[in-house]
Amino acid sequence: MSPSHPERVRFAPSPTGFFHVGSARTILYNWLLARQSNGAMLLRIDDTDTERNREEWVDGIYRAIRWLGLDWDEGPVRQSTRIDHYQAIAFDLFERGLAYWCDCTRETLDARKPPGTPPGYDGFCRDRKLSQGPGRALRFRVREGEIVVNDLIRSQVIFPAGAVEDFVILKSSLAPLYVLANVIDDIDFSITTVLRAEEHLPTTPKAVLLHEALGGPLPRFGHLPVLVNEQRRKLSKRRDRVAVEDYRQLGYLPEPMINYLALLGWNPGDDREFFTLDELIHAFSLERVGHSPAYFDEQRLLHFNKTYIASLSAQEFARIARPFVDPMMTGSTDGDERLAQILPEVQTRIGTLSELPAMIGFLFHFSPDYDELADRLRAGDDHYLKAVADVLAVTDPFDSPTIETSLRTAAEELGTSLRKLQAPVRIAITGAPIGPPLFHSMAILGRDECLRRIQALLEALHQRTPAPEPPLP
RNA sequence: GGCCCCAUCGUCUAGAGGCCUAGGACACCACCCUCUCAAGGUGGAGACACGGGUUCGAAUCCCGUUGGGGCUGCCA
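Fair warning: this is a prediction, and the values are worked out from it, not measured in the lab.

### A short note on the protein's contact with RNA strand B
Around RNA strand B there are 65 residues in total, and Asp-49, Lys-171, Arg-232, Asn-267 and Thr-348 lie nearest to it. By atom count, sugar and phosphate contribute 75% of the portion of RNA strand B lying within 4 Å of the protein. One of the side-chain nitrogen or oxygen atoms of Arg-426 is found 3.0 Å away from a base nitrogen of RNA strand B. In the model, a base nitrogen of RNA strand B is placed 2.6 Å from a nitrogen or oxygen of the Gly-435 main chain. At the level of elements, β5 (137-140), β7 (155-159), β12 (294-295), α10 (298-311), α16 (400-414), α17 (418-430) and α18 (438-445) are the ones that each hand at least two residues to the surface near RNA strand B. Across the surface near RNA strand B, the residue classes tally to 26 nonpolar, 16 polar and 23 charged.

### Points about the packing of aromatic side chains
The full count for this structure, using the stated rule, is 14 aromatic pairs. Ring centres of Phe-11 and Phe-19 lie 6.0 Å apart, and the angle between their planes is 65°; on these two criteria the pair is classed as edge-to-face. With a relative accessible area of 8%, Phe-19 lands in the buried category. Against the face of Phe-124 rests Arg-112, its NZ or CZ located 3.7 Å from the ring centre. The ring of Phe-366 has Arg-453 lying over it, and the distance from NZ or CZ to the ring centre is 4.0 Å.

### As for the nonpolar core
In this structure, Phe-19 and Phe-296 are the most contacted members of the largest nonpolar core, which totals 50 residues. When residues of this core are traced back to their parent elements, those giving at least two are β1 (8-11), α1 (21-36), β2 (40-45), α2 (55-68), α7 (244-249), α8 (254-263), α9 (277-283) and α10. Sort the elements by how many residues they give to this core and α1 lands first, with nine residues. When residues of this core are assigned to domains, at least three map to each of domain 1 (8-80 + 227-299) and domain 2 (82-224). When near neighbours in sequence (up to four residues on either side) are disregarded, Phe-19 contacts Phe-11, Ala-24, Ile-27, Gly-60, Ile-61, Ala-64, Ile-65, Leu-68, Val-242, Ala-243 and Val-244. Ranked by size, the runner-up nonpolar core spans 49 residues in total, among them Phe-362, Leu-418, Ala-428 and Leu-457.

### Focus on the sheet that holds β5
Picture the strands of a sheet paired through backbone hydrogen bonds; they go either parallel or antiparallel. With antiparallel pairing, the three strands of this open sheet are ordered in space as β4-β5-β8. Edge strands, defined here as strands with exactly one partner in the open sheet, are β4 (99-102) and β8 (168-170). Recorded for the sheet is a direction-independent mean angle of 45° between the axes of neighbouring strands.

### Section: the domain arrangement of chain A
When the domains of chain A are assigned, the result is domain 1 (8-80 + 227-299), domain 2 (82-224), domain 3 (312-363) and domain 4 (370-464). The interface of domain 1 with domain 3 comprises six residues on the first partner and five residues on the second. Between domain 1 and domain 3 lies a buried interface of about 380 Å² when both sides are counted; carbon and sulfur atoms form 69% of it. When residues of domain 1 are sorted by the area they lose upon contact with domain 3, Leu-250, Gly-251 and Leu-253 head the list and together hold 75% of the total. Joining domain 1 to domain 3, the criterion identifies zero salt bridges. Viewed at the interface, domain 3 and domain 1 are joined by three residue pairs in polar contact (both at pLDDT 80 or more). The residue inventory of the side of domain 1 that touches domain 3, partitioned by class, reads three nonpolar, two polar and one charged.

Rules used in this analysis
- Residues numbered from 1 in each chain as written.
- Chains lettered and ligands numbered in written order.
- Predicted model: local features only at pLDDT ≥ 70, side-chain atom pairs only at ≥ 80, totals over all residues.
- Heavy atoms only, no water.
- Near = heavy atom within 4 Å.
- Polar contact = N/O pair within 3.5 Å; in protein donor to acceptor, adjacent residues only side chain to side chain.
- Helix = DSSP H or I, 4+ residues; strand = E, 2+ residues; numbered from the N terminus.
- Nonpolar A, V, L, I, M, F, W, Y, C, P; charged D, E, K, R; others polar.
- Phe/Tyr/Trp six-rings, centres within 6.5 Å; stacked < 30°, edge-to-face > 60°.
- Buried < 20%, exposed > 50% of the residue type's maximum accessible area, 1.4 Å probe, protein only.
- Lys NZ or Arg CZ within 6 Å of the ring centre and 35° of its normal.
- Core = buried A, V, L, I, M, F, W, Y, C linked by side-chain atoms within 4.5 Å.
- Domains from an automatic or database assignment.
- Contact = heavy atoms within 4.5 Å.
- Pairing = 2+ DSSP bridges.
- Axes fitted to C-alpha atoms, helices over the stretch in contact; angles between N-to-C directions.
- Buried area = accessible area lost by both parts, 1.4 Å probe.
- Salt bridge = Lys/Arg side-chain N within 4 Å of Asp/Glu carboxyl O.

What follows is the structure in structure tokens.
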């Protein structure tokens, strides 16, 4: 299913914010196309808008790409270093009569048009033969006739004559606009396929026009469906959690992120749902990219993350867990040993790495609010706790199976179930009603510490002043 | 408003005229397993937006309606 000819694709983000999950999907698909065709992907930084760009965002782009496990073959090309070149070509377009200078401002344009008229340029300066000068922008003279875009994903899209207005290619500051710089670079770097988000579809006819004017073969265009939020609106930096960096910090891993993103808009045609990057290279095809907007479902991402974590070897899991558990282990003497013992027990219990501290922190530091813990206990639990303390004192060896046997026997003698007996013990030992396997945790902590924690809860229970009787009316 | 895109379970989707009593996955519910919670196993509920065509036959093709989205900037 892979293309027979090497594709030259490009990924061209603008550094105006955090690297977006939508961008991550776009670069993935481009990268896949390049890899499966033995082609190349160019990384281009579209930083022509000096007002909005920040250098830290550029670094963020590099970081995110590497974190995802992707790379690029050429570049990065900074458009900001090629301004002169774009200007020269724009001036040439003017010389050839394909562009003209315009001094209309938003205000003069609006003033000219009857109220309620839809936005858009009216071609006022088309034949005024203005020369270059302060306050004058260069507009492209859009030709007559419809413009056809053959989209790889949507097939033929026709823009009727008159649907495209004369658009600005050089600001009055002489800074080039994105359509111009894009087309010039796509030509200069022999891009064969432009694969980008659907929001660019309406500007594609402008690119086609520019290509016509500048010559050279037209690249193939493909427009990916947009990613939307719960309200079905395009994912927005303001409203939604979209930064790849955020997901990294939350303990999501690159492999499941890639896996999930690949499936957001594309599917293999069968029921397969787990893919490595390498498998994606072979399986991916533009033909199987969907047409409709896709909801970025964090729950499903979580499922992929969780499944991936569970599939890791103990060594791999320990390695990636490290940065998330290190902070809570400071000051703990045999922390490494305890960590090594508990990690296999929690590997199938977490969705993201950031859940780790809350789940196993009790093994390293324990200073609960005993009043709160006491609140969680039920009537009679103090008897259970005492009985368990007695049993634990003579449990030998103090390992998980033996502890279990001891408590099982104790439960029988108390006429209760292990389920009920372990509940208050779990509260005493871990501080929470749910968590990793209790007996294993107890073995890790050791007899003394377990008894100390049970005693502490018992004392807290006894020291509580009984709730005053409600006054009788 | 104009131009453009899109339309199958809540979500991601399979489906390219009969294989559809519409399949899978996430989430949800129940049961099993079980020291809690997970994991795992079994089962369940849940969709072709609507209306016209075309056809022996339509989720699949055409038209319209409705709905959603994108763009409409001297941003990208």
